[in-house]
Amino acid sequence: RDLAQGLLFGLPVALLIGLVVAVVETAIGVVLGITSGYLGGRTDLLIQRLADIVANVPTLPLLIFLLFVIGPSLFVILFVLIAFSWPGLTIQIRAMVMHMRTNALVEAIQSLGSSHRRVMFRHILPQIAPYVVSRLIFAAPSAILAEAGLSFLGLGDPSIPTWGQILEAGFRTGGIYVGYWWWIVPPGLLIVLTALTFMLLSLGLEPVVNP
């Protein structure tokens, strides 16, 4: 098969995986983190215990098990990556919000009768937005590398060509041993360049969103 077509088709697939996982994971983590840190009490306890449980679930063995049971599917990979990647952000956002909820601005807004939702998402969220944006961009290459690693292990969706699957096919059929560098180097290089691009975007946006 034409490797160039597989490499070109793998780009939107990699971007889809990275952006979907990053956006949904960040949204869940931010909402739960702000809710936990601002409301406190039993709500905070429930969210934090749930985050502790999810954070300690071994994601890779669980993902391998589900792919063996359900079958290789891109949707299964996306679901597991999203479902088990939000606790870290939730815990960090909670700590930031607990510090902010006692400042004079928030107390003044509360005294004017603003609802909890308005305080959380109109006044607290903008203050943590720079950190959220940086985490959002950094989450994308992690998802891309995770999918590439699973595909390299032979657990990717066989109906969708990805860079990880091209690498896996090259190693499985012995392409690396006979010197077929064009089968190994381009997909590996594209994975690295894509991850590096997101990291450079995050570094470039940092002075903009957090002057």
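Draft legend 1. Fine view of the overall build of the protein chain. Looking only at helices and strands, one finds nine helices and zero strands in the protein chain. Order of helices (α) and strands (β) in the protein chain, N terminus to C terminus: α-α-α-α-α-α-α-α-α. Taken along its principal axes, the extent of the C-alpha atoms in the protein chain is 70 × 40 × 20 Å. Looking at the protein chain as a whole, 39% of its 211 residues qualify as buried. In the protein chain, once contacts between residues fewer than 6 apart in sequence are set aside, the share between residues at least 24 apart is 75%. As presented, the protein chain carries roughly 11,700 Å² of accessible surface, and 71% of it is formed by carbon and sulfur atoms. Of the side-chain charges in the protein chain, 10 are positive and 9 negative, and the distance between the mean point of each set is 12 Å.

Draft legend 2. Local environment of the layout of surface pockets. Put simply, the largest pocket is a space of about 470 Å³. Looking at the largest pocket, it is lined by 20 residues, and the ones nearest its centre are Arg1, Pro161, Gln165, Ile166 and Ala169. Every element with two or more residues in the lining of the largest pocket is listed here: α1 (3-39) and α8 (163-172). Sorting elements by how many residues they give to the lining of the largest pocket places α8 first, with five residues.

Draft legend 3. How the structure looks around helix α4 (residues 74-83). In terms of burial, α4 is a largely internal element, seven of the 10 residues being buried. Listed in full, the buried residues belonging to α4 are Leu74, Val76, Ile77, Leu78, Val80, Leu81 and Ile82. On its buried side, α4 packs onto α1, α3 (59-70) and α7 (116-152).

Draft legend 4. View of the environment of Thr162. Residue position: Thr162 is located in the loop between α7 and α8. The spacing of Thr162 and Gly10 is 152 residues in sequence and 4.5 Å in space, taken between C-alpha atoms. For Thr162, the residues in contact, after removing those within four places along its chain, are Val13, Glu147 and Ser151.

Draft legend 5. Structural view of the packing of helix α2 (residues 41-55) against helix α5 (residues 87-100). Packing of α2 against α5 brings their axes to within 9 Å, and their N-to-C directions diverge by 145 degrees. α2 and α5 meet at a crossing whose hand is left-handed. Residues Asp44, Ile47, Gln48, Ala51, Asp52, Val54 and Ala55 of α2 pack against Pro87, Thr90, Ile91 and Arg94 of α5.

Draft legend 6. Expanded view of the pattern of salt bridges. Applying the stated criterion across every chain yields a total of three salt bridges. Arg94 is the salt-bridge partner of Asp44, the closest N and O atoms lying 2.6 Å from each other. Linking Asp44 in helix α2 with Arg94 in helix α5, this pair joins segments that are 50 residues apart in sequence.

Draft legend 7. Structural view of the packing of aromatic side chains. Taken as a whole and assessed by the stated rule, the structure comprises three aromatic pairs. One aromatic cluster is present, built from ring pairs that chain together Tyr180, Trp181 and Trp182.

Draft legend 8. Examining the nonpolar core more closely. Within the largest apolar cluster, 15 residues are counted, with the highest numbers of intra-cluster contacts made by Ile17, Val21, Leu63, Leu67 and Ile77. Counting residues per element, this core draws most heavily on α4, at seven residues. Look past the residues within four positions of Ile17 in its chain and what remains in contact with it is Leu74, Leu78, Ala143 and Glu147.

Cut-off values and rules
- All residue numbers refer to positions counted from 1 along the written sequence of the respective chain.
- It should be noted that, the model being predicted, local features are given only for residues of pLDDT at least 70 and side-chain atom pairs only at 80 or more, the latter also being counted only at that level, while totals for whole chains, interfaces and linings use all residues.
- Neither water nor hydrogens contribute to the side-chain values; these are computed over all heavy atoms in the structure.
- Helix and strand assignments come from DSSP, with helices taken as H or I runs of at least 4 residues and strands as E runs of at least 2, each series counted from the N terminus.
- For every residue, the accessible area (1.4 Å probe, protein chains only) is compared with the maximum for its type, and the residue is labelled buried under 20%, exposed over 50%, or partly exposed between those bounds.
- Between two residues, a contact is recorded if the distance between any of their heavy atoms is within 4.5 Å.
- Here the open area of atoms and residues is found with the Shrake-Rupley method and a 1.4 Å probe, where only the protein chains shown may cover a residue.
- When charges are tallied, Lys and Arg are placed among the positive residues and Asp and Glu among the negative ones, while His and the ends of the chain are skipped.
- Charge positions are represented by NZ for Lys, CZ for Arg, CG for Asp and CD for Glu.
- The method works on a 1 Å grid over the protein atoms by themselves. A cavity is a set of points holding a 1.4 Å probe that cannot get out, a pocket is an open set with protein on both sides within 12 Å along at least five of seven lines, and residues with an atom within 4 Å of a point line them.
- Grid points are joined across faces, edges and corners, and a volume is the space filled by probe spheres set on the points.
- Every angle, taken between N-to-C directions, lies between 0 and 180 degrees, and every axis is a line fitted to C-alpha atoms, over only the stretch in contact when it is a helix.
- It is the rotation of the near helix from the far one that decides the hand of a crossing: anticlockwise by less than a right angle makes it left-handed, clockwise makes it right-handed.
- We define a salt bridge as a side-chain nitrogen of Lys or Arg found within 4 Å of a carboxyl oxygen belonging to Asp or Glu.
- Two rings from Phe, Tyr or Trp (for Trp, the six-membered ring) form a pair when their centres are within 6.5 Å of each other. A pair whose planes differ by under 30 degrees is stacked, one over 60 is edge-to-face, and the rest are tilted.
- By convention a nonpolar core is built from buried Ala, Val, Leu, Ile, Met, Phe, Trp, Tyr and Cys residues, the set being connected through side-chain atoms within 4.5 Å.

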